[in-house]
Structure formats: C-alpha cells, structure tokens
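# Chains, contacts and geometry: an overview
Here is what each chain is made of, one letter per residue.
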Number of protein chains: 12
Amino acid sequence: MKILFLNGPNLNLLGQREPEIYGSLTLAQIEAKVRKHAAKLGAEVDFRQSNSEGELVSWIQQARGSFDLIVLNAAAYTHTSIALRDAISAVGIPTIEIHLSNVYRREEFRHRSMIAPVCKGVISGFGANSYLLALEAAVNDTRK
Amino acid sequence: MKILFLNGPNLNLLGQREPEIYGSLTLAQIEAKVRKHAAKLGAEVDFRQSNSEGELVSWIQQARGSFDLIVLNAAAYTHTSIALRDAISAVGIPTIEIHLSNVYRREEFRHRSMIAPVCKGVISGFGANSYLLALEAAVNDTRK
Amino acid sequence: MKILFLNGPNLNLLGQREPEIYGSLTLAQIEAKVRKHAAKLGAEVDFRQSNSEGELVSWIQQARGSFDLIVLNAAAYTHTSIALRDAISAVGIPTIEIHLSNVYRREEFRHRSMIAPVCKGVISGFGANSYLLALEAAVNDTRK
Amino acid sequence: MKILFLNGPNLNLLGQREPEIYGSLTLAQIEAKVRKHAAKLGAEVDFRQSNSEGELVSWIQQARGSFDLIVLNAAAYTHTSIALRDAISAVGIPTIEIHLSNVYRREEFRHRSMIAPVCKGVISGFGANSYLLALEAAVNDTRK
Amino acid sequence: MKILFLNGPNLNLLGQREPEIYGSLTLAQIEAKVRKHAAKLGAEVDFRQSNSEGELVSWIQQARGSFDLIVLNAAAYTHTSIALRDAISAVGIPTIEIHLSNVYRREEFRHRSMIAPVCKGVISGFGANSYLLALEAAVNDTRK
Amino acid sequence: MKILFLNGPNLNLLGQREPEIYGSLTLAQIEAKVRKHAAKLGAEVDFRQSNSEGELVSWIQQARGSFDLIVLNAAAYTHTSIALRDAISAVGIPTIEIHLSNVYRREEFRHRSMIAPVCKGVISGFGANSYLLALEAAVNDTRK
Amino acid sequence: MKILFLNGPNLNLLGQREPEIYGSLTLAQIEAKVRKHAAKLGAEVDFRQSNSEGELVSWIQQARGSFDLIVLNAAAYTHTSIALRDAISAVGIPTIEIHLSNVYRREEFRHRSMIAPVCKGVISGFGANSYLLALEAAVNDTRK
Amino acid sequence: MKILFLNGPNLNLLGQREPEIYGSLTLAQIEAKVRKHAAKLGAEVDFRQSNSEGELVSWIQQARGSFDLIVLNAAAYTHTSIALRDAISAVGIPTIEIHLSNVYRREEFRHRSMIAPVCKGVISGFGANSYLLALEAAVNDTRK
Amino acid sequence: MKILFLNGPNLNLLGQREPEIYGSLTLAQIEAKVRKHAAKLGAEVDFRQSNSEGELVSWIQQARGSFDLIVLNAAAYTHTSIALRDAISAVGIPTIEIHLSNVYRREEFRHRSMIAPVCKGVISGFGANSYLLALEAAVNDTRK
Amino acid sequence: MKILFLNGPNLNLLGQREPEIYGSLTLAQIEAKVRKHAAKLGAEVDFRQSNSEGELVSWIQQARGSFDLIVLNAAAYTHTSIALRDAISAVGIPTIEIHLSNVYRREEFRHRSMIAPVCKGVISGFGANSYLLALEAAVNDTRK
Amino acid sequence: MKILFLNGPNLNLLGQREPEIYGSLTLAQIEAKVRKHAAKLGAEVDFRQSNSEGELVSWIQQARGSFDLIVLNAAAYTHTSIALRDAISAVGIPTIEIHLSNVYRREEFRHRSMIAPVCKGVISGFGANSYLLALEAAVNDTRK
Amino acid sequence: MKILFLNGPNLNLLGQREPEIYGSLTLAQIEAKVRKHAAKLGAEVDFRQSNSEGELVSWIQQARGSFDLIVLNAAAYTHTSIALRDAISAVGIPTIEIHLSNVYRREEFRHRSMIAPVCKGVISGFGANSYLLALEAAVNDTRK
C-alpha cells in the first residue's frame, strides 16, 4: 500500500510556529514518526509540503496510478480551495482530511471545509497523532 | 485507562438502518470490536446507548472520577445539543467526537457541531473504524 | 392495517391549552374520534403521547414490524428534532406529519420542519380533523 | 356546499410531466375522481387550471358569493405570489392549500409558501389523494 | 404564595463546574438560600432539577393549580426548547427566566432565548442572587 | 454605597406613554420609590434622565470616583449605542442593565443589546420593580 | 398634461376588501376623485386596473408618446416584479409609486420595492389621498 | 391646525450640499414655501432643524398638546434611530415621514426606515415639494 | 431541426430601450438575423415575444412534439419564475438560456437565474449575437 | 485576430475526470478542435493550462499587446479569484468566461463568478463546444 | 494649511481607559504631540473632542471655509453614524479616518465603518502615532 | 532596521492599470520613493512583487531573522488568503497592511480583510504615499 501525505501552507514552520496551537514537533519529526509507523504497518509513504495551492493540486493529480490513498493536511487552503476539491474528485483516490489542531475550537472561518465533502473522512485535533491515526485508518480498515 | 463510549439516538438501530450510510455492523458488533481492541491496548471500556438527550447528559456527568476519557457519537444531538456541550465542559474529561458517516457529505445541518468546540478532536467518516481510531487516539497518544 | 399515532410535547394539555389556537377537544376526545373512525375504516390504531423527545424516538423505533404507518404530531419537536428525523429514516415506515393549527400562520420558527423531508406528506391546520384526514390518507390511498 | 378547485401553472401537463414526482394521473382524471367523490359527499365542485397568475387571482375574486371554499394547488406560484395571497385575504373565502408532491422533500425554494399564512390549512404530498383529502376536510369538518 | 423553582441540565453540577462562570455554590446551597429567604417572605417553594427537557416540560404542566409562579433556569434548553416555551404558554402561570451567568457575555448562541418571549421577565448575571431576586420579584411586586 | 440611576430617551414620558407597555407610574414616582427603598438599604442614589446619547455617555464618565455602581435603563440606545458600551468599559464601574418592559416580547430589534456584554447583569420586564430589583442586586449581593 | 394611473392586482376589490387596511372607497370612487381633482388642475387622466403583471407591463410600454407621467399602484407586484421595473426604465416616463396603506407597517415582504429605485418618488399610507397627492406632485412641481 | 416640521442632521446645509441629490433650495427657502402654502391652507406651522438626535426626540415630546401633526425629515437618523421611533409612538401625534431624495435610489442602508412603521405615511423623492405634499396630506385629507 | 425562440417581457422594446445596455437592434431585426442564419444552417425557427409569464409557460408546453430545442431569453422572469422552470422540466425539451446583456455586470438580483439549473447551458452578454450563438450551439453541436 | 485560450486548474485531466460532468474529450483534443476551427475563421490562437492562480494572472498580464481577446475557463478559480478579476480589469482585453459544464446545475458555490462582472460575456454548459462558441463570439461578432 | 482634528465619544478618557487597547497617553498629551509636529510641518491645527454625535456633525459643517482637511477619530460613532457620513459628503473637505487601536482585531461590529467610504483614507492601529501619520498624510502628500 | 515590502498580484501593472483607482506611478517609481525615504530614515528595505499566493507566503516565512517589519500590500489576496494570515501569525514579525486605493470606497468584497486581524495596523487610500506612511509608522514609532 502506497500513501501520499500532503501538507499545505505554513506547515513547514511547525515546531516554531504557535506551539500552543500546533504542537512542538517539526514537520520533519512528524514525517519520521509517520515513516516509522508506516514501516511497521507495511505501508510505503511519500511526504511533501508546499505553500502553493497549484502545486498541491498538481501533486494530487500526479498521484493517480502511484498511490492508493492521500492524507491531506491542506491547512489554510482547506477552507477556501475549490481547486483542491476538484482535484480530489478528479483523481478518484480515497483521501483523508486531517488537522493538527481542532479547527472547530478556532475562528469561524476555519469551521468550513471545502474539501471534506469529497473526502472519505476527517481527523482533527490530535496533533502529530492525527497523521498516525490517518495512517491507521488507511492501512487497517479491516483490522480486528 | 478507563474509557466511556457513549452513543446517541438511533444508533441502537445500526446494521438495520440505512447501511449505505452507516455500514452493516450492529452496535453490539461494534462494541465487541471495541472491547477486543481495548483489551489488546490494556484499556477498560464502558459502552452505552441512549435515545434521550437528558440521559446522555447524566452519563457524562457521572463519568467524573470514573473515566479518563469519553468517546462520544452523539448522532443527531451533535448538531443541536447545548446541554451535551455544557456537560462536557462541566466535567472536564477529555472527549473525542466521532461519527460513522462523513457528516460533511450530508445535509448542511449536519455540518455544524455544537460539541466539537469543547472536544479534544473529531474523527468522522470511517464507519465502525471511527470507534477504534478514537480508542487509539485515547490510549496511544504518545506511541511511536 | 395498523397505524401508530404519536403525539409530542404539551399535546396532553389539549382542550385546556390556548383553545383559540388548538381547539377545545382534549387529546382523549381526539383519540376517541380516531378510534371510532379507524374502526369504520377497518384499521387498528395505537395512540400515545410523550413530552420526551427520546421516548418518541424509541416508540418510532419499536414500530418496526408492528405498524404499517405512523401519524406523527411532533408539536414543538417538529421544528428542531434531527433525532426524530433520523428515527423515521431508519425504520422506513411511511410517516405522515400533522398539526392541529396551521403552523404557517404562527411564529417564523414554526415554519421549518426537520421532519417533513422524510415524511410521506404533511397535513396542517384542520384541528382534530387533521388526525382523521391522516387516517383517511393512510387507509384509503386507492379509494374511489 | 360549493367548492372551487383551482390549479396553477403546468398542472395541465400532469400524467406526462415527471411522473416520479407528480404521479401518472392526468388532471382530467383527478378532476373525475374529485367530481365522483364530491357527488358522494353532496358537494358541488368547479375545477379549473390556468398558467396565468392574473387569471388565478381573478378566479379567486369571482368566487365571492358563488363558492363556500377554495382548494388551491397554486403550484409554482405558491412560493412567490403575493397577488394570490392578497386575493385570498380579500375575498375571505376559506382556502385550503394543496400539493401533489411533498414540497418539503424538494428544492429549498419550494419550502416557503406565500399563501399558507392566509389559508385554513395545508395538505401536501399525497398525490391525487391530496385533492380528495381537501374535499373531505372541506365538506366533513364536523364528521364522526 | 407558592413558587416552583425549576433548574435545567447540568445545574446539578454547580459549585464543581466552571466556578469562574457559575460561582462556587452548589445547587443545594442555593436551594437553602432560596428556602430561607422565601420563609422570610412568607412564600412556599418547591425546588427541582432535571437534565431532561421532557421532564421539565412535565413539571411545568403539573404546576397548574399548585403554584402561583415559576422561576425557571432552563440552562442550555433556554436557547433551543420550543417545548418549554409551549408548556409555559399552555399552563398560563407567570414565569421568570433566570441565569446565573450573564448570558450576553458568552457565546452568541446563548444570546437567543426561546423562552423569554413568553415569560414575565428575565434576570441574568447575578449568580445565586439571581434566584433571590426572582423570589423578590415574585413575592413583592407591590412592595415599597 | 452610592448608586447612579441613568434613564435614556423617552423615559421622561413614563406614565403618559403607552402604559400597557411601560406601566402607569411616572419617572418621578419611580424615583421616589427608588429613593425610599435605597434609604431603607442605606444606599445613596442619584437619578437622572436624558434624551441625548452624548449626555448619557458623559454622565457615565463622570461617575468614576463618585459612584460604586450604575443602574442603566438605556431605553432605545440599548440596542444601538456602542458609545454607551465603550463608556461603561472605560470607567470600569459595575453596571446593571434594566428595562421596564420585557424587551424579548417586542420587536426583534429590541432583542439585541449592545450594552449587556459589558454589564454585570440584566433585569428586564418587571416594570418599576426592575429598578428596585437592581437596587437589591447592587446593595445586597451577599445578603441572606 | 396627460397622466396614466395604473392599478395592480386586487385593487378592483377596494371598498369590499379589508377596509381597515385599504379604506372603504371603491376604485371607481377613487377614480372619480382623481378625475375631478385632475380637471381642476387642468390635467388629463387615464385610469386602469389589471390583475395581470403582463398587462400592466404592456400598458406602461404603450404609454410612451401618450402620457407625460405614470402613477403606479402596483400592489402585490411592487415587491417582486422585475418586469414592471424594466418597463419603467425602458419607456423613460417619470413614474410615481403609490400605496393606499403604509406598507412599512405591514409584513416584512412588503417593505421591499422592486420598482421604487426606478421611480421619481414614493407616496405611501394616505389612503385614496395617496392618488391625489401623486396628482399634485405630478402637475404642480413648481407651484408656490 | 398646527403642524410641526422637524428637520434632521445636515439639512441646514441644503442648497450647498450635493444639489444633484438634494436640490438647490436652502432650508430657509423651503421653510418660506411651506409657510406661504400653509397660510393659503389656513394652517399654522413651526419649522426647526437640529443635528442632535436627542434634541429631535425632545421636540417631538414637547409637541404634545401643541401640534396636531408632525412632518419629519429625519435624514440620516431615519435609518437607525429607535429613540425617534419611540418618541413618535409615545406622543401619539400623527407623523408623516418625508425625504427630499428618493431614498430607494441610493445606498442600501437608506432603504430601511426605523420610523416609517410608526408613521401615518411616507413621501419620498419630490425635493422641496415633499414638504408641500406632506402639508397637503396633513391639512386636506378630506378634500375633493 | 426546429427551434423555438421565446422572448420575455420588454424585449419588444429593443432598439428603443436603453441601447447602452441592450444594443440598438430591434427585436424584428434580431429575428431577421436569426432566420437568415438558421436558413443557412438548415434549421427552422419560430420566434415569439410576450410580456406575460403565463403565455410564455403555455408556449413552452405547446412546444412538445413540435420543436427540438428552445432558446429562451426570459428577461425579467429569468430571475423569479418557478413556473417557467417547471414548464421546462415538464416538457423535457433541451433549452438554452440567453441574455443580450451580461447580467453579471448588473444589479445583484439579476445574478440569480431560476431557469439555468434546468437548462442545457447559458449564453450571456453578446447582444444580438447571443441569439446566433445559441442557434450554433443548437444546430451544430457535433461540428468540426 | 489573436486569441488567448486560458484553462484553469484540473482541466489538464479532462477526458479522464468525471466524464459525466465534463465530457470525454481531452484538453488536447479540445485544443485541436479550437485550432482547426480558428484556422477556418482566420484567427490565431494560443492555448494554455495551469493549476496555479498566479501563473494564470501572469499570462493575462502578458497578453497585453499580443492578443485581441481572451477566452478564460478559470475552472475552480472562477468562484473565488479576485486576482484574476483584477488582472482582467487591468489589461483591458475583452475576455469571455466559459465553462464545459452548466455551473448552475451544480453546487451553490459554483453559481457565483468573481470574474463574470469584468468579462464581456459568459458561455456555460456546452462541453467542448463552449470553446468553439466563444471563438465564434470573438471572431464573428458582426457576422450575418 | 489648516487641519481640524475631531475626536469622538470616550476619547476624553484616554490614558485612563483600557490602556492595553488604547495606550497610556491622555488626549491632551496626544494633542501636544500633534501640535508640536504640525508646527514642524508648518500646519495649523484645531483639536476637539465631543461625546455628542450632533456636535461632531456641527463641527464638520462649520469646518467649511476654515479648514483644508479633517482628521476624524469618530470612535464608537464610526460604526453606526450615517449623520457623520452625510456631513463629510456635504462639506466636501478631504477627511482621514483614524483609530488608535486596530479595529479589525476587535469585535465584529467594529469592522464596519459607515464613514470610510466617504473618506480619503483610513489609518488604524498605530496608537497616538495614527494622529501623526494622518498629519503627514495631510501635509506631505507630494513629499519625497 | 530592516523592512520587507511585499506586493501582491497585479501590482506589477501599476501606472498602466486603471490610474483613476491606483494612481499613475509604476511600482518601480514607488520603490524608488520608498528607498529614498528609507535612506533618509536610516532604514534598509527589500521590495518584492509576486502574483503567486504561495510565493508571498514563502517570502513572509523567510523574513524571520532577516527583517524587523513587513509592509504588505496583498492586493486581491487581502480579502481571501488565510494562508497569508497564517504566515504572518507564524513568523511573528510585526506587519502593516497597506492599500493604494481606499478599499472601503469599492466593491463590498474588498471591505473584508483576512489579514488585518493579525497585523499591527492598516493604512489605506493614500496612493503611493501609503507606502511612505507605513515606512514612517515602522521606523518612527517613538518620534516627536
């Protein structure tokens, strides 16, 4: 199983940026955790970050044929990007929307997701653990 | 670790009710999965269902001192119940909101949660697996 | 044919409560009319009232296998109860929403029904006769 | 007792038009059913259809002195016509609003009725039977 | 003079629950204060709490003939319960809406009261003293 | 204890103006009641009325250092005056918002208060008694 | 000077229809008053009524070249008709919008005029006198 | 007959201020026209202007017993002043709302009047002639 | 191929009416262009205009069996007519919505189309050329 | 005549992506059709696609001096991009907005165009033919 | 160059009032800074404060002929005063809106300015420096 | 002191683009003015423009450690970009939002800023001078 982890704008600042909201791990540390846990689960992962909406769209498009599932932390673009939504619909790869913080505790404009209605599910608020839970959800749907 | 799983109105009909939305497992089958996985993780669980908003409120209240975490599938009450929200705030036990279906794919009135802003996080759309992911999230926050 | 008549909060006060809005018959008198007319039409009826949203939900759930149709005067819960809506969807029994008063003549918040979109039809404004019309609608769909 | 049945725009296409929404009876067949049932109940009926809002307004006006009750399926004009509302208020003849389909199951703009607040009651969703139920409601208010 | 004090969901947690919002007195301590002050004023009081909307509705209904006035702290149900509103209208007993906290300082959804439009008046923000002020308002309307 | 009672626009017409809404006492009669009751409670009161928003703002400003509490019936300005709100925040004197009528029974624009979120509490709907209850609330917070 | 008075739906019922709102004069009596006063002012008038939006549109179109001014009581169509608005814009004849009743005292949907933004002015609330005031406004702009 | 003409903020600048909207007459010239025409009609007029909402409120209050009718061009305060609305309701003197410009041709916030619902009628858009038409409406209601 | 061109209210004034918005061609001149171009494309056209919503509805109804496609410039009725929408749905003939002006450059109320959701497509803003483009779209779908 | 065809995000997936909405032609096939038809009409075309809002903005900017007209299928950016709108306004090149699907048949957020108000016109819903119709509209404005 | 600095309600409390929002300088200290800097720039300034909307309106009116520019910190009136807006439009003196605090960081009702659309520009959030920046903007438009 | 000036989409067209809104200076000319004035004030500046939201985000991120302050004219992205907002919050460098035009005089969608709530202040409407005022605000906070 191959899983593509995509990270949206400003997530490259993790660890330095508002740790009371986003936690103190860097994105590289989260990636390491993901890779380690994926190895344990027998999954292959790719892990990328971009500040550009267009680049994220292109990455989703290119995932066709290469990945079985996308885990998408679209960050700020979650709330406004119809282009990401259309890309997910277009490629038809199951996608899980995740967030580090619980977006429903924050400003009202973060409560709306343009992406959730075309995703399989949403995991929000568990810090770096949101990534691992998505991995579990992806790999292990039929477990237990 | 002791975890209280609370299930709101109509979840007692699971398996029979609109399986294309909610899946084909009964609530008892989900409970069994949860118990089995909890045992593996060394957690103790209680698992209840009620159609009554007031009873759910009371169960949350009584959890104080007995449980370390609540996993709450409030179903229909998710979208309107200020009483559940107040109960969660009042007892101060970390609570995870879960849903079987991806509520963001459904009617607009299911997109608003009165409860999410006082919860630790939200897991939505993974069918019975939402319960297990919440269990993982609860038990295993520091794993890996 | 077996029909379940369910009455929501405050309908037990009929006859005493604001007769200029709800008429002067008591709920017992309406029940008597319903039973008499049902007998004439060869239908069997059960007739209940509750002030509790949860109990109404449970009664709808229990109707599965026992009743062919539900006539539901959900009163105040009509306008806010997603739980009742989900119960109706879940059991899949044809349901008719009724009201004594014409709700569209009253406060704006009574114009919205959470239940109507999952019901077969709506009858509103004919006083106790709304019950009898629903009975006709239920029994006699193919009449004449 | 004399009852005027008025039918709004596009109802002349019944039977041919979207039968999954409106049923397979033509308006003439519905009229026949109404006349037959009215005869049984000892009521006299007139039955008309128009695509013109102005003509419907005029027919309501002319009903004064000639009819005891109006049964109005205003179709599309239900949701926007203040002129029909004013006509009903002006003539002071009790009016019953009816619909073949359950308008609350359909597009949001069909949930608002400009007419219901000046009508005696509303019957919606019973197909051709909505006409017969209105007839019952009109003739038989004191029955049983 | 007989006065019924009704307390809505989560008020049984008073004293333990978010004291910076609700104060540090328990509901029992508030009841004691109310009883003591009522005795001084020559009023008889009953004092109850429920987490169930339906039970609160039933208590209001049963107050007819037994109580001269209701003091209602409906807590979370204040903002959504049409059933409580209808019960108050139905029994016709003067009712005073009270709150411990100043609801207008809190989340926007707490600013709307479904109940206030059918109450005599509203007292909000004085902690346990809101109960005593309501008692004064009830007993002593013509004082001084 | 020194308390400043401020009365907003049109309250000088009390007694003559729409007595079915505001009661039949004049503002002078209310002042007399307040003074008498204050004397009993050992409080000193000042009592003023103005039709000018600016003058009310200035009076609040001047209260600093002279008064321990403000009782404010801002009447029409309640619903629109940010200047009054800012004045209350600026001077930091505890302020109680009062109304003669139950504003929640009246036009929708009277349901919003610009002032309540910076006040200690709100008392609404008890006629002249609203003034006396505010006096009690002010003086006697720790009573009983 | 030639003035066209146009009357919209249901105004043919004046005198009979809700006299507490619209006054007790018939449209013919109003026309007589208008004609008499116009004669005094040296103006020629035409005076028509229609229940049909399309016919009113056509009359406005035909006024070009024949009339110097239109006085339009569009009644119910005032609030919804873009077609009337476009007709007024198209013919470029100064138009005065009038109403018998004060529309701002009535239902909210009567507060919006689709026509007023393309009219010279609005006169509302003076009963039959609204017609005469419009006549004055039309004829006598430069008087005194 | 005694009529009070009240003019709100910035009307003292008439003639100089945006003549394409408000015309080129000064307020003094309008007053002269009003006085001349009133004399002809046998009416007595008082004519005042203020930039202060509070002063306008006070003038309306003082009109009781001295004037039979108020003509009110409240200018900017038309759209926001609940205090003026309350003053008109309180004194019970018939009031006519007027505007020089057609407010419905201008910014959306000028389309709402807080005052119109308590006025006898509204005249808007006829420049200085709006004053004379209001005078006619006041004096001559029963003319012709 | 037979195509029905339907023109709504005020389009009979084209050429004379606001040419800066609608162009300087009359409707007859547009019809001539359409007929000439249709002949070239081997299509047969009918071309009609009405100010009456009801007549337009009837023409759409009558098109069944006679026309392969409707080109509809519903003008003002575009934005409000549910009756036209229902007629298009009912007859099931592919319909193209057109406009002379670019409606999105104009008043907000012209941005909403009640008809577009049941049409094949929309062409807006090309003046008389909108008609010819619709003709091309109709006839030539498979061209090139 | 030189025409720039710009295609927004995800249009590079055409043919593969949701063919029931967007048709089965690839973007290259559409380009070929456009080039062929343009050759016939004597027009020169450039044809580009980008997933990046910024790149689309830059291409519009660079069109100044090189192209006579832009045909813009902005896809997802249609509904949110003020930057594209500003670019079109800034370069002053006539622009035609096109869509493959009829956007008015789809989600509500696709009904609003940020771009249409600065475009010459809109063509929506004709599949690949929308491109050819825009070409016709561009080249052939004065034809026939 | 002569510049009028106008300060709205509660600004006379600066320094004492919520220094974390408004800074610790008094209005007199700000005035001194403004005068000193104006002298350096060769500008003459007048500096006033009022709690009265009407007085601020009058001061703006009187500025005509005496001042070249107005710097207006309308404080609370910024968000609601149409009268101030009309005064600025009427006198035609360039006006700069300023705020001490960044109003966009505060309550939603402070985000709307009724005045900004008729001002030259807005400077918000620089504390006392907002006054000096406005002075620079006024005097030195062509500098550097 | 080091200041980063960032310019958003379409600002590279300044001088050519709609000079009546944005002035006639090119961005290079504004940069020259800024550099000259900065030199005078002893500040170092960097000055960049991009049409890409992602690039602007990245530049803000990279400013950490290199710049003391950011002056941001985000142009079109001001009104929609949560990514820019998050970047500003994340890097924690004081940021001043500027605009050439007074955005409050323009379309409603330009009145909302997603960025202002995380900025130090806003300067809008002074043309190229807005840049110099921001420079002053940055450098000279404690001046005079």
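Residues numbered from 1 in each chain as written. Chains lettered and ligands numbered in written order. Predicted model: local features only at pLDDT ≥ 70, side-chain atom pairs only at ≥ 80, totals over all residues. Heavy atoms only, no water.

This part is about the packing of aromatic side chains. In total, this model carries 40 aromatic pairs over all chains according to the counting rule given. A centroid spacing of 5.8 Å and a plane angle of 25° characterise the contact between H:F5 and H:F47, whose relative ring orientation is stacked. One end of the pair, H:F5, is in strand β1 (residues 2–7); the other, H:F47, is in strand β2 (residues 44–49), with 42 residues separating them in the sequence. Of the two residues, H:F5 and H:F47, neither departs from the other in class, the shared state being buried. Counting every residue linked through ring pairs, the aromatic cluster contains A:F5, A:F47 and A:Y131. The ring of A:F67 has A:K2 sitting right over it, with the charged end atom 5.2 Å from the ring centre. The ring of L:W59 is capped by L:R48, whose NZ or CZ atom sits 5.3 Å from the centre of that ring. (Phe/Tyr/Trp six-rings, centres within 6.5 Å; stacked < 30°, edge-to-face > 60°. Helix = DSSP H or I, 4+ residues; strand = E, 2+ residues; numbered from the N terminus. Buried < 20%, exposed > 50% of the residue type's maximum accessible area, 1.4 Å probe, protein only. Lys NZ or Arg CZ within 6 Å of the ring centre and 35° of its normal.)

Here the focus is the packing of helix α2 (residues 27–41) of chain J against helix α5 (residues 129–139) of chain J. All names here are of chain J. Following both chains from N to C, one finds α2 and α5 inclined at 25°, their axes separated by 10 Å at the closest point. Judged by the angle between their axes, α2 and α5 are roughly parallel. For the pair α2 and α5, the sense of crossing is right-handed. Taken together, the residues of α5 that come into contact with α2 (itself represented by L27, I30, K33, V34, H37, A38 and L41) are Y131, L132, L135, E136 and V139. (Axes fitted to C-alpha atoms, helices over the stretch in contact; angles between N-to-C directions. Parallel < 35°, antiparallel > 145°, perpendicular 65-115°, else oblique. Left-handed = near helix turned anticlockwise from the far one by under 90°. Contact = heavy atoms within 4.5 Å.)

With that out of the way, let us pick up the environment of L:Q61. Note that L:Q61 resides in helix α3 (residues 53–62). Spatially, the C-alpha atoms of L:Q61 and L:L84 are 9.8 Å apart, while their sequence positions differ by 23 residues. Excluding residues that lie within four positions of it along the chain, L:Q61 makes contacts with A:N10, A:N12, A:L13, A:N51 and L:V91.

Okay, the interface of chain H and chain G next. Taken together, the contact pairs 28 residues of chain H with 28 residues of chain G. Run the count over chain H and chain G and you get eleven residue pairs in polar contact (both at pLDDT 80 or more). Listed by contribution, the elements that provide at least two residues to the side of chain H that touches chain G are α2 (27–41), β5 (121–124) and α5 (129–139) of chain H. Looking at the side of chain H that touches chain G element by element, the count peaks at five residues for α5(H). Of the residues contributing to the side of chain H that touches chain G, the split by class is twelve nonpolar, seven polar and nine charged. (Polar contact = N/O pair within 3.5 Å; in protein donor to acceptor, adjacent residues only side chain to side chain. Nonpolar A, V, L, I, M, F, W, Y, C, P; charged D, E, K, R; others polar.)

Attention shifts here to the relation of the copies chain H and chain G. Note on the copies: chain H fits chain G at an RMSD of 0.0 Å, the axial shift is 0.0 Å, and the rotation between them is 180°. Taken together, the rotation and translation relating the two chain copies correspond to the operation of a two-fold axis. Considering only C-alpha atoms, the residue of chain H closest to the rotation axis is H:I123, which sits at 2.3 Å. Counting the interface residues of chain H, we find that 100% of their copies in chain G are interface residues as well, pointing to one common contact surface. (Least-squares fit on C-alpha atoms with pLDDT ≥ 70 in both.)

Counting residues at the interface gives 17 residues for chain B and 16 residues for chain C. Buried surface at the junction of chain B and chain C, both sides included, amounts to about 1,300 Å², of which 52% is carbon and sulfur. Linking chain B to chain C there are two salt bridges. For the salt bridge of B:E107 with C:R85, the shortest nitrogen-to-oxygen distance reads 3.5 Å. Along the contact surface separating chain B from chain C lie seven residue pairs in polar contact (both at pLDDT 80 or more). Residues belonging to the side of chain B that touches chain C are distributed by class as follows: five nonpolar, seven polar and five charged. (Buried area = accessible area lost by both parts, 1.4 Å probe. Salt bridge = Lys/Arg side-chain N within 4 Å of Asp/Glu carboxyl O.)

A separate point is the relation of the copies chain B and chain C. Expressed as a screw transformation, the operator carrying chain B onto chain C has a rotation angle of 120° and an axial translation of 0.0 Å, and the superposed copies differ by an RMSD of 0.0 Å. Here the two chains are linked by the operation of a three-fold rotation axis. A different interface surface on each copy is seen, since only 12% of the contact residues of chain B are contact residues in chain C too.

For the rest of this paragraph, the subject is unusual backbone geometry. All names here are of chain E. Look at N10: it is not a glycine, yet its phi comes out positive at around 75°. Mapped onto the fold, N10 is located in the loop between β1 (2–7) and α1 (19–22). For N10, a relative accessible area of 0% puts it in the buried group.

Turning next to the side chain of B:R110. Position of B:R110 relative to the elements: it lies in the loop between β4 (95–99) and β5 (121–124). Owing to a relative accessible area of 5%, B:R110 belongs among the buried residues under this scheme. Among the polar contacts listed, one links the side chain of B:R110 to the side chain of B:E107, at a separation of 2.8 Å. A polar contact of 2.9 Å, which involves the side chain of B:R110, links it to the side chain of C:D86.

Moving on, we come to the sheet that holds strand β4 (residues 95–99) of chain E. What links the strands of a sheet is backbone hydrogen bonding, and the strands pair in either a parallel or an antiparallel sense. With mixed pairing, ten strands are arranged side by side in an open sheet as β2(E)-β1(E)-β3(E)-β4(E)-β5(E)-β5(F)-β4(F)-β3(F)-β1(F)-β2(F). At either end of the open sheet lies a strand with only one pairing partner, and these are β2 (44–49) of chain E together with β2 (44–49) of chain F. Geometrically, the sheet is characterised by an average inter-axis angle of 20° between neighbouring strands, direction not taken into account. Here strand β5 (residues 121–124) of chain E pairs with strand β5 (residues 121–124) of chain F via three bridges, running antiparallel. The partner of E:V122 across the bridge, within β5(F), is F:S124. Across the sheet, helix α3 (residues 53–62) of chain E touches β1, β2 and β3 (69–73) of chain E, and the angle it forms with β1(E) is around 175°. (Pairing = 2+ DSSP bridges.)

Strands sit in the order β2(C)-β1(C)-β3(C)-β4(C)-β5(C)-β5(D)-β4(D)-β3(D)-β1(D)-β2(D) across an open sheet of ten strands; the sheet is mixed. For this open sheet the edge positions go to β2 (44–49) of chain C together with β2 (44–49) of chain D, each flanked by a neighbour on one side alone. Adjacent strand axes in the sheet meet at a mean angle of 20°, parallel and antiparallel pairs treated alike. Note: strand β1 (residues 2–7) of chain C against strand β3 (residues 69–73) of chain C, five bridges, orientation parallel. Paired with C:L4 across the strands is C:I70, a residue of β3(C).

All names here are of chain B. In terms of residue burial, helix α4 (residues 82–91) counts as a mostly covered element, since nine of its ten residues are buried. Residue S81 occupies the N-cap position of α4, its side-chain oxygen lying 3.4 Å from the main-chain nitrogen of A83. Positioned one or two residues after α4, G92 has a phi angle of 70°, which is positive.

Residue and element names in this part refer to chain A. Taking 1.5 Å per residue as the helical rise, helix α2 (residues 27–41) with its 15 residues ought to reach 21 Å, and the 21 Å between its terminal C-alpha atoms agrees with that figure. If you check which residues of α2 are buried, you get L27, I30, V34, H37 and A38. The buried residues of α2 all sit within an arc of 105° when viewed along its axis, so they share a single face. Along α2, exposed side chains directed more than 90 degrees from the buried face belong to A28, A39 and K40. (Expected span 1.5 Å × (residues − 1). Arc of directions from axis to C-beta.)

Looking at where C:S124 falls in the secondary structure, it is placed in strand β5 (residues 121–124). Relative accessible area serves as the criterion here: at 0%, C:S124 is assigned to the buried category. One polar contact links the side chain of C:S124 to the main-chain carbonyl oxygen of C:S101, over a distance of 3.2 Å. Residues contacting C:S124, with those up to four places away along its chain left out, are C:H99, C:S101, C:N102, C:V103, C:Y104, C:S130, D:K120, D:G121 and D:V122.

We now examine the environment of B:A134. Residue and element names in this part refer to chain B. Along the chain, the position of A134 falls in helix α5 (residues 129–139). Residue A134 is classed as buried on the basis of its relative accessible area, which comes to 0%. Residues A134 and I98, spaced 36 residues apart in sequence, show a C-alpha to C-alpha distance of 7.4 Å. Non-local contacts of A134, meaning those with residues more than four positions away in its chain, are made with V71, I96, I98 and I123.

Let us look at the pattern of salt bridges. When the charged atoms of two side chains with opposite charge come close together, those side chains can pair. Summed over all chains, the structure comprises 70 salt bridges over all chains. Salt-bridge contacts for G:E107 lead to G:R110; the nearest nitrogen and oxygen are separated by 2.7 Å. Residue G:E107 is classed as partly exposed on the basis of its relative accessible area of 29%. One salt-bridge network, held together by shared partners, links A:R85, A:D86, J:E107 and J:R110.

The subject of this paragraph is the pairing of strand β3 (residues 69–73) of chain K. Residues and elements named next belong to chain K. The element β3 is largely enclosed, with a buried count of five among its five residues. Where burial is concerned, the two faces of β3 agree: the one with L69, V71 and N73 and the one with I70 and L72 are both buried. The pairing of β3 with strand β4 (residues 95–99) spans three bridges and is parallel. In the strand pairing of β4, L72 is matched with E97. Since β3 and β4 lie parallel, the crossover through helix α4 (residues 82–91) that links them has a hand, and here it is right-handed. (Right-handed = clockwise from strand over helix to strand, strands pointing away.)

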